[in-house]
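# What the coordinates show
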Amino acid sequence: MSRPQFTKPGFWDVVFSLKTFAAAMLALFIALLFDLPKPYWAVGAVYIVAHPLSGAVTSKAVYRLVGTAAGGVMAVVLIPNLIDSPELLTLAISLWMAGCLVMSLLDRTPRSYAFMLAGYTVAITGFSITSAPETTFDFAVSRVLEIAIGIICAAVVNRLVFPRHTGPVLAARIDGWMADGARLARDTLAGRRDEQALAADRRRLAADAVEMRNITTHVAYDTSSHASLVEPFRLLQRSMVALLPIVSGIGDVVAALRREIGPQLRQELNELIERVENWLDSGEPLSDEERIRFLSRLEALEQQAKPGESWETLLLTNFAARLRDLIQIWGDCIALRQDIASGSHHALRWKRFGALGGSLPIHRDYGMALLSGLSVMLATWVGVGLWIATEWQDGGGAAQMAGIVGCIFATMDDPAPAMKKFLGMAVLVIVIAFVVQFAVMPLIDGFVALVLLLGLYFVPVGLLLTTPATMLMGMVLCVNFPYMLMLQSHSSLDFQAFINGNLAMIVGMAISIGTTALVRSVGAEWSVRRIVRAGWADIILAARAATGSDNTRLLHRMLDRCGLVAPRLAAMPATENAAGIDILKDLRNALNTADLQQCRSGLARRSRTAVSRLLNEVADHYRHKMQHVEPDGAALLSAIDNALAALGENRQGPAAGRARMAVVALRYNLFPDASPFTPHKMRLAA
């Protein structure tokens, strides 16, 4: 892992650390006031849900409380009934924890935190009270109460004291994204940059769009006026997602036109591109008159297409259609941004992929989720086996930590390096806690003195939570410290208990690292190829579907995959084989394939037969890629040209026109270097 980059903290970073520390001390005071058994749980909970944005703190608090309560209920159900069968109890706890982890990994939203908490809360409870199962209910209730105190204190303090709202932060992120998106569209139209640089920008924007989708979840918990604008935020993000394949597709057709016409495009085409660039530069909405003029020119360009048209004319027709999509959807993005800023309401113009409401489909890797669950189960079993074999009084702590650490890092491709770093920082915290516990705590008298002592540690360390690069380090140092000190109403100076408890934690982490490295760790390139193969499988399904595929669902699932692939490709050395993968190319092929499926039933018989053959060839092309077999490009290109010839024989209605655009796009996307399509030669061949 690369070393974190430390930056000088700003004013709001210091405010955040002070607020979080104040919330933690308030939680500690309340827990001590009511003489709860483990007040340090409340302190740790504050730092677990800590976030610079108040809306994010509230949403994390809600999910943590729900997950802890669900885990507490399951602990009450399992432990008293299975305590006499240690094997069954271990199996039940590990299965529950693994199942909750699988659900968490498949959910892939901030809500997934609740599933994970529900899983390892049972492990914390179950392995802590095996010697006194009659206390299960009291233990579970006290944990829920102390966690609730901590997260409520964190949420209240963050909302009342200099709150930093999520809505304005998200709005600023969207403004930056739209500026980058406009620049990408301009550069694509003008051909100012090479394809590799444009592809990198598209991947980065896709990853940012996926990340902003998760941030929107926190806006619903915000106290600012943006809390009522969650739906416009979501609609805007979905329009932004749909923009990327449109821009990418324009890049394909412009490149094909430059090959066909030459580097200097027709004057009318250059003028049209220049006008669109100027509009993108302005960031302003189109007036009705300007929109009509744009659309009229594009319609005139499309009307040039006639039966038996040349390849150049087919490309121009496709370019006009793609440019119309860009104008309509970018206009929707500007209108939705105005709705967010002013509370107005604009009707959306771009409807190509149908309604954009409801929940969005996302990529779910069931295999990796199950493998992660298996790794956590094995780690738990190894921990319990060691506990039983050694008859170690604190062995339960090793068993629970083995499972918990596996859950925390399960979203990574190769968690082992991060786990090792986590282990190293945990050892550092143990050393600090030992010095404080046995050298400083005996000198402390009273709550105020304790707060001053803890502030010397928590306030500077809490600054690490404000930067993504150092957040992991800050989380380890802040969350584990109160647990290791075991902050209670009476200071404990039991050296043996301190060493045994913390040694169990270290052993549990080591077990988790070992099982993860053996069972679960994979490379970034392996993950990229797995995600890309899932996209190929979707294209095969779209090509072989009995009825037309849902383009909206296909679009968002493929763009979600692009968002997952982008950060991995960015971190991958250029020498890796997967570094040059362009998943947006597969997305464009998938959408064009789905378009053909939807149009097929409305075609004339000969055209329908030719399109059906083409769809079979597309499916075979991607099936061969999945099987690591070189696809038969000649057969696919022949099927594309036959379909173009059949669709161009006569006017067959809107379905034929839409199908022809999809086939043309497949041709220049899959075979950019092929000789131009010649309808006359295809008729002779037929």
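Just above sits the structure.
Here's a quick rundown of the structure. Remember, it's a predicted structure, so these values are computed and weren't measured experimentally.

What counts as what
- Counting starts from 1 at the beginning of each chain's written sequence and moves along it residue by residue.
- The predicted origin of the model limits local features to residues at a pLDDT of at least 70 and limits the giving and counting of side-chain atom pairs to 80 or more, whereas totals for whole chains, interfaces and linings rest on all residues.
- Side-chain numbers come from the whole structure's heavy atoms, not from hydrogens or water.
- A run of H or I in DSSP counts as a helix once it spans at least four residues, and a run of E counts as a strand once it spans at least two, with each numbered from the N terminus.
- For the exposure calls, accessible area comes from a 1.4 Å probe over protein chains only, and a residue counts as buried if that area is under 20% of its type's maximum, exposed if over 50%, partly exposed in between.
- Any two residues whose heavy atoms approach within 4.5 Å at even a single point are treated as in contact.
- Note on areas: these come from Shrake-Rupley sampling with a 1.4 Å probe, and a residue is covered only by the protein chains present in the view.
- Throughout this description, a polar contact denotes any pair of N or O atoms lying within 3.5 Å of each other; where both atoms belong to protein, one of them has to be capable of donating a hydrogen while the other can accept it, and for residues adjacent in sequence the pair is counted only when both atoms sit in side chains.
- Excluding any residue in a salt bridge, patches collect residues exceeding 30% relative accessible area, merging like charges within 9 Å and nonpolar Val, Leu, Ile, Met, Phe, Trp and Tyr side chains within 5 Å.
- When a carboxyl oxygen of Asp or Glu is within 4 Å of a side-chain nitrogen of Lys or Arg, the pair counts as a salt bridge.
- To estimate how far a helix should reach, multiply one less than its number of residues by 1.5 Å.
- Only buried residues count toward a nonpolar core, which is a set of Ala, Val, Leu, Ile, Met, Phe, Trp, Tyr and Cys residues joined through side-chain atoms within 4.5 Å.
- Here an angle of 0 to 180 degrees is reported between the N-to-C directions of two axes, which are lines fitted to C-alpha atoms, with helices fitted over the stretch in contact.
- If you view the pair so one helix is near and one far, a crossing is left-handed when the near helix is turned anticlockwise from the far one by less than a right angle, and right-handed when it is turned clockwise.
- Under the grouping applied here, Gly and all other residues not named as nonpolar or charged are polar, the nonpolar ones being Ala, Val, Leu, Ile, Met, Phe, Trp, Tyr, Cys and Pro and the charged ones Asp, Glu, Lys and Arg.
- Aromatic pairs are defined between Phe, Tyr and Trp rings, using the six-membered ring for Trp, whenever the two ring centres lie within 6.5 Å; interplanar angles under 30 degrees are classed as stacked, those over 60 as edge-to-face, and all others as tilted.
- Counting as a charge over the ring demands two things of the Lys NZ or Arg CZ atom: a distance within 6 Å of the ring centre and an angle within 35 degrees of the ring normal.
- Any angle from 65 to 115 degrees is called roughly perpendicular, while one under 35 is roughly parallel, one over 145 is roughly antiparallel, and all others are oblique.

## Some details on the overall build of the protein chain
Per the secondary structure count, the protein chain includes 25 helices and zero strands. Of all 686 residues assigned to the protein chain, the portion counted as buried reaches 56%. Considering only intrachain contacts with a sequence separation of at least 6, the fraction spanning at least 24 residues in the protein chain is 79%. When the accessible area of the protein chain is evaluated, it comes to approximately 28,800 Å², of which 60% is carbon and sulfur surface.

## Regarding unusual backbone geometry
The phi angle at Phe162 is positive, at roughly 40 degrees, despite the residue not being glycine. Structurally, the position occupied by Phe162 is in the loop between helix H6 (136-160) and helix H7 (166-190). Phi at Glu391 is positive, roughly 55 degrees, even though this residue is not glycine. By secondary structure assignment, the location of Glu391 is in the loop between helix H13 (366-390) and helix H14 (395-408). Judged by its relative accessible area of 73%, Glu391 is exposed.

## A word on the side chain of Thr593
Take Thr593: it is sitting in helix H21 (residues 583-600). Thr593 sits in the buried class, given a relative accessible area of 0%. Of the polar contacts made by the side chain of Thr593, one reaches the backbone oxygen of Asn589; its length is 2.7 Å. In contact with Thr593, other than residues within four places in its own chain, are Ile539, Ala542, Ala543, Leu615, Val618 and Leu666.

## Structural notes on a nonpolar patch on the surface
Where nonpolar side chains cluster on the molecular surface, the patch consists of Phe11, Trp12, Ile152, Val156, Leu160, Val161 and Phe162 and spans about 740 Å² of accessible area. Elements with a contribution of two residues or more to the nonpolar patch: helix H1 (11-33) and H6. Relative accessible area serves as the criterion here: at 40%, Val156 is assigned to the partly exposed category.

## Description of H21
End to end, H21 covers 26 Å across 18 residues, agreeing with the expected 26 Å (1.5 Å per residue, within 8%). Counting buried positions along H21 yields 16 of 18 residues, so the element is predominantly enclosed.

## Considerations on the pattern of salt bridges
Applying the stated criterion across every chain, the model contains 16 salt bridges. Here Arg186 makes a salt bridge to Asp281, at a shortest N to O gap of 3.0 Å. Of this pair, Arg186 sits in helix H7 while Asp281 sits in helix H10 (residues 267-282), placing them 95 residues apart in sequence. Residue Arg204 is joined to Asp208 by a salt bridge in which the shortest nitrogen-to-oxygen separation is 4.0 Å. Of this pair, Arg204 and Asp208 both sit in helix H8 (residues 195-219), four residues apart, roughly one helical turn. A relative accessible area of 33% means that Arg204 is categorised as partly exposed.

## A short note on the nonpolar core
Among the nonpolar cores identified, the biggest contains 107 residues, and Phe319, Leu323, Leu326 and Leu614 are the most heavily contacted of them. Not counting the four nearest positions on each side in its chain, Leu323 is found in contact with Leu189, Ile250, Leu272, Val276 and Leu298. Core analysis: the next-biggest nonpolar cluster, separate from the first, contains 96 residues, Ala31, Ala42, Leu423 and Leu465 among them.

## Some thoughts on the side chain of Arg667
Turning to its location among the elements, Arg667 is positioned in helix H24 (residues 654-670). A relative accessible area of 3% places Arg667 in the buried class. Within polar-contact distance, the side chain of Arg667 engages the side chain of Asp641 at 2.7 Å. Not counting chain neighbours up to four residues away, the residues in contact with Arg667 comprise Trp311, Leu637, Ile640, Asp641, Leu644, Pro672, Ala674, Ser675, Pro676 and Phe677.

## What about the environment of Val451?
With respect to the secondary-structure elements, Val451 resides in helix H16 (residues 447-462). Residue classification places Val451 among the buried positions, given a relative accessible area of 19%. Here the alpha-carbon distance between Val451 and Phe29, two residues 422 residues apart in the chain, equals 9.8 Å. Aside from chain neighbours lying at most four places away, what touches Val451 is Phe21 and Met25.

## Regarding helix H9 (residues 230-261)
Over its 32 residues, H9 runs 46 Å from end to end, which matches the ideal 46 Å to within 8%, given 1.5 Å per residue. Counted residue by residue, H9 has 25 buried out of 32 residues, so it is predominantly covered.

## Structural notes on the packing of H1 against H16
Between H1 and H16, the shortest axis-to-axis distance is 9 Å and the interhelical angle comes to 145 degrees. As H1 runs across H16, the sense of the crossing is right-handed. Contacts from Phe16, Ser17, Leu18, Phe21, Met25, Leu28, Phe29 and Leu32 of H1 reach H16 at Phe447, Leu450, Val451, Leu454, Gly455, Phe458, Val459 and Gly462. In terms of residue class, the contact of H1 with H16 is made up of 13 nonpolar, three polar and no charged.

## So, the packing of aromatic side chains
For any pair of aromatic rings, the description consists of the separation of the ring centres together with the inter-plane angle of the planes. Counting across every chain of the model gives 19 aromatic pairs. Consider the rings of Phe438 and Phe498, whose centres lie 5.5 Å apart with planes at 85 degrees: the pair is edge-to-face. Of the two residues, Phe438 sits in helix H15 (residues 416-440) while Phe498 sits in helix H18 (residues 495-519), which places them 60 residues apart along the sequence. A network of ring pairs unites the aromatic residues Phe21, Tyr47, Tyr457, Phe458 and Phe481 as a single cluster. In this structure, Lys38 is placed above the aromatic ring of Trp41, and the distance from its NZ or CZ to the ring centre is 5.7 Å. Lying across the ring of Phe294, Arg275 places its NZ or CZ 5.0 Å from the centre.

## A closer look at the environment of Phe137
For Phe137, the position within the fold is in helix H6. The class of Phe137 is exposed, set by a relative accessible area of 53%. Separated by 60 residues in sequence, Phe137 and Val77 place their C-alpha atoms 9.4 Å apart.

## As for the packing of H13 against H18
Relative orientation of the contacting elements H13 and H18 amounts to 140 degrees, with a least axis distance of 9 Å. Comparing the axis directions of H13 and H18 gives the class oblique. Where H13 crosses over H18, the two elements pack in a sense that is right-handed. Here Leu371, Leu374, Ser375, Leu378, Ala379, Val382, Gly383 and Leu386 of H13 lie close against H18, whose contacting residues are Val507, Ile511, Ser512, Thr515, Thr516 and Val519. For the contact of H13 with H18, a count of residues per class yields nine nonpolar, five polar and no charged.

## Observations regarding the environment of Ile147
In this fold, Ile147 is placed in helix H6. Here the alpha-carbon distance between Ile147 and Ala42, two residues 105 residues apart in the chain, equals 5.2 Å. Apart from the residues within four sequence positions on either side, Ile147 is in contact with Trp41, Ala45, Arg64 and Thr68.

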